[in-house]
Every structure is written in C-alpha cells, then in structure tokens.
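The chain contents come next:
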Amino acid sequence: MATQQAAAAARAPRRTVTAAVVQAAAPLFDTQAALARADELIREAVADHGAQVIVLPEAFLGGYPKGLDFDVTVGMRTPAGRELFRRYHDAAITVPGPETDHLAGLTRELDCHAVVGAVERQGGTLYCVALHFGPDGYLGLHRKLMPTAAERYLWGQGDGSTLPVIDTGTARLGAAICWENYMPLFRTAMYAKGVDLWCAPTVDDRDAWQVTMRHIALEGRCFVLSANQYLRRDGFPADLHPTQGDAPDTVIIGGGSVIVSPLGEVLAGPLRNGEGILSAELDLDDLTRARFDFDPTGHYARPDVFTLHVDESAHNTVLNG
C-alpha cells in the first residue's frame, strides 16, 4: 500500500509558481525614467525567467533618498531642505494615476502578478507603498505603517485599511515593507490572512536582513521574496551630495535580494555587488509540508492565552456626512 501511495504521489502534478525578485534602482527624482525601468525589468523577469510573480524594491517609483538629510535638525528646517522636499514630492506618484495605469496594462499584457515599491503622493503627504498588480490590472496597495527613523520627516503613516492579501488563484500574496518585517503584531495579522508568498520590498542591505528573511519564512511557513535596491551615487542628480560620498561608483544601497523557502532554506541569493534578477520555481506543496508541525495562527497558536485585535478601518482626518 505504501508503495502504491508513493507511486501515486510521484505521478501527481506539482503545483508551482515561478517567482522573481528584482535588484535595481531608478535615477532619483526622475519618475518617467523609473517607470520605464520598471517596465523593462518586469518584462525581463517574465521573458528571461518565466516569472509569474515579480517583486520590485521599496520606493522604486519615487525613489529612496538614502544619504540625504533634507537639512533637518531638531526644531529647524531650511529653505534648501524645503526645496529638496518639493522635488521629492513632485517625483512621487498619485494612486490611481498614469503610472499605475501603465503598470496595470503591463501585467494584463504579460499575464503576471507584480508587487512594486513606490512613493505615493496624496495632497501634501507622501506614503511609502507596495502596489499590487495582476492579470486583472491594478489590485490595490499597502501603505507602510511605520516609517523608520528619519523616514518619518518624509513619509506619513499608513493605517489598517491597506493590509491586502491578494489571491492569485494558486497562492496568496502579501507585502511588508522594509522594517515592517520587524513588527511582530503586523506579521501575526498577515499570517492570519493566509499569506503564502511574503513579499518584502526593502532598502536594508545589512547581512542581518538575511536572518530576518529566513526567520519570517520559518515563522510564517511561507515563501519570502525580498527585493532590494542596488543604488550608486551616479543614480542621484549631480547637484545633490549624499553623505556616502560623491564618487560616481560609490554604492549607496548594496542589494542583498533573496528568495527563501517555508523551511528557511535560501533558494536564490543573496545577490550582491550589482543589479540583477533572481528567480526560483516554488513548489506550493512545500507550504503544506512546512505547516505540518507549525502554523503560527492555527494549530500552534493559543487563542485562549493570546489574542490580537486588528483595526482595518480607514482613519481619516475629516469625515464628511
């Protein structure tokens, strides 16, 4: 009987998804160049890697101005810093808008899913977001709940109304942006939504980030797809001077993109020392195999001892009506 069962299992078709993480950056403060680069990279991931799910890094559209201080000191701003913020604000995108329309058309054309990091402009406030696209076009966004450290003078805080998990028909996609991955209650809320492919757009290039990605894969029993920027000084406008230095080949953000299995095994990466695309064929049955002995919000949870309340309502400053 055991031999017959093994033979039947061997004949069963594998449920797989090919995923790709893109390690690249677009020229800072050049929205059209960033959009063209995103289009190029998504097409490359599909054509050259057969990718069905593609993840681009944090703030790919709009830019991540690492090393710029916007002339902020405690209790003081300057005219030059305000002007630099104006430039950054102008480079951000509206959602929905022409950039999301373009990417929605692209994923319809290519019949793929994409998670794209961006900076969203809404009035006078910017938000760091992960945009979801699929064969049906634009599917929604996640706003970063807590900007990290100095990001807080550039970006506003998201709320619980933008915590989507997207069902592709074969797997469920969710996104956590950069240091949101260190928020245990955020992770728990997303695990409870049944995330299979945990997308982690980031700019964290430290070796310690690799430990975090492997931990989340093990803790959530999910595949982790982390896409990081690789940005050099020559990606900045010439008139700006990041603290890392002005030599054109100075590395501002050093990559480290990686794909991890639900049991914490590194399937691709980490990628260092340049741009590139990593891909892996994900055996979706590995999700069930991994959850056999651990399900963080299921059979390994103790709701009689620990519970989490998640407020998924929108919190607006002004309520009309």
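Anyway, here's the lowdown on the structure attached to this text.

What counts and what doesn't
Throughout, residues of each chain are indexed from 1 in the direction in which the sequence is written. Given that the model is predicted, a residue must reach a pLDDT of at least 70 before its local features are reported, and side-chain atom pairs must reach 80 or more before they are shown or counted; all residues, however, enter totals for whole chains, interfaces and linings. Where side-chain values are given, they derive from all heavy atoms of the structure, hydrogens and water being excluded. What counts as a helix is a DSSP run of H or I of at least four residues, what counts as a strand is a run of E of at least two, and both are numbered from the N terminus. Our radius of gyration looks at C-alpha atoms and nothing else; its globule reference is 2.2 Å times the residue count to the power 0.38. Only protein chains enter the accessibility calculation, which uses a 1.4 Å probe. A residue is then buried if its area is under 20% of the maximum for its type, exposed if over 50%, and partly exposed in between. In this analysis, two residues are considered to be in contact whenever any of their non-hydrogen atoms come within 4.5 Å of each other. All accessibility values rest on the Shrake-Rupley procedure with a 1.4 Å probe; residue burial counts only the protein chains present in the view. His residues and chain termini do not enter the charge count, which takes Lys and Arg as positive and Asp and Glu as negative. A single reference atom marks each charge: NZ on Lys, CZ on Arg, CG on Asp, CD on Glu. Only buried residues count toward a nonpolar core. Its members are Ala, Val, Leu, Ile, Met, Phe, Trp, Tyr and Cys residues joined through side-chain atoms within 4.5 Å. Pairing between strands requires that DSSP locate at least two bridges from one strand to the other. A fitted line through C-alpha atoms serves as each axis, taken over the contacting stretch for helices, and the angle formed by two N-to-C directions is quoted from 0 to 180°. Every helix has an expected span of 1.5 Å times one less than the residues it contains. Along the arc lie the directions from the helix axis toward the C-beta atoms.

This part takes up the overall build of the protein chain. Across its full length, the protein chain carries seven helices and 13 strands. Taking 321 residues into account, the globule formula puts the C-alpha radius of gyration at 20 Å, and the protein chain, at 20 Å, falls close to it. With the C-alpha coordinates of the protein chain rotated into their principal frame, the extents come out at 80 × 45 × 40 Å. Burial status across the protein chain gives 52% buried among its 321 residues. Counting only contacts in the protein chain whose residues sit at least 6 apart along the sequence, the fraction spanning at least 24 positions is 69%. As displayed, the protein chain offers around 14,800 Å² of accessible surface, 53% of which is attributable to carbon and sulfur atoms. The distance from the centre of the 27 positive side-chain charges to the centre of the 40 negative ones in the protein chain is 3 Å.

A separate point is the nonpolar core. Among the nonpolar cores identified, the biggest contains 48 residues, and Tyr88, Trp155, Leu197, Leu225 and Leu282 are the most heavily contacted of them. Residues within four places of Tyr88 in sequence aside, it is in contact with Phe29, Gly62, Gly63, Tyr64, Pro65, Phe70, Val119, Leu126, Leu154 and Trp155. Ranked by size, the runner-up nonpolar core spans 31 residues in total, among them Ala45, Ala51, Leu103 and Ala118.

Turning to the sheet that holds strand 2 (residues 53-55), a few remarks are in order. Within a beta sheet, neighbouring strands are joined by backbone hydrogen bonds and run either parallel or antiparallel to one another. Spatial strand order, 5-4-3-2-1-13: six strands in an open sheet with mixed pairing. The sheet terminates laterally at strand 5 (137-143) and strand 13 (276-283), the two strands that pair on one side only. Strand-to-strand, the axes of this sheet are offset by a mean angle of 30°, without reference to chain direction. Examined bridge by bridge, strand 3 (residues 113-122) and strand 4 (residues 125-134) share nine bridges and lie antiparallel to one another. Looking at the pairing, Ala118 lines up with Val129 of strand 4. Each of strand 1 (16-23), strand 2, strand 3 and strand 13 is contacted by helix 2 (residues 31-49), which is oriented at about 50° to strand 13, the strand it contacts most.

By the criterion of burial, strand 3 is predominantly enclosed, with eight of the ten residues buried. Of the strand pairs in this sheet, strand 2 and strand 3 are connected by three bridges, and their pairing is parallel. Each bridged residue has a counterpart across the sheet, and for Val53 the counterpart in strand 3 is His113. Remark: two residues form the turn of the hairpin made by strand 3 and strand 4, two consecutive strands paired antiparallel; Gly123 in that turn has positive phi of roughly 65°.

Attention now moves to helix 3 (residues 79-91). For helix 3, spanning 13 residues, the distance from its first C-alpha to its last is 19 Å, which sits close to the expected 18 Å at 1.5 Å a residue. Those residues of helix 3 that sit buried are Gly81, Leu84, Tyr88, His89 and Ala91. One side of helix 3 holds all its buried residues, which, seen down the axis, span an arc of 160°. Across helix 3 from its buried face, at more than 90 degrees, point the exposed residues Pro79 and Arg82.

The next point concerns the environment of Lys193. Structurally, the position occupied by Lys193 is in the loop between helix 5 (184-192) and strand 8 (197-202). For Lys193, a relative accessible area of 21% puts it in the partly exposed group. As for Lys193 and Glu120, which are separated by 73 residues in sequence, their C-alpha atoms are 25 Å apart. Not counting the four nearest positions on each side in its chain, Lys193 is found in contact with Leu163, Val165, Arg172 and Glu312.

This paragraph deals with unusual backbone geometry. The omega torsion across Val95 and Pro96 is -5°, close enough to zero to call that bond cis. When you line up the elements, Pro96 lands in the loop between helix 3 and helix 4 (98-110). The omega torsion of the bond from Gly269 to Pro270 falls at -5°, within 30 degrees of zero and hence cis. By secondary structure assignment, the location of Pro270 is in strand 12 (residues 266-272).

Our focus in this paragraph is helix 5. Every buried residue of helix 5 is listed here: Phe186, Arg187, Ala189, Met190 and Tyr191. Contacts from the buried residues of helix 5 go to strand 5, strand 7 (172-175), strand 8 and helix 6 (208-220). Looking one or two residues beyond helix 5, the residue adopting positive phi is Gly194, at roughly 80°.

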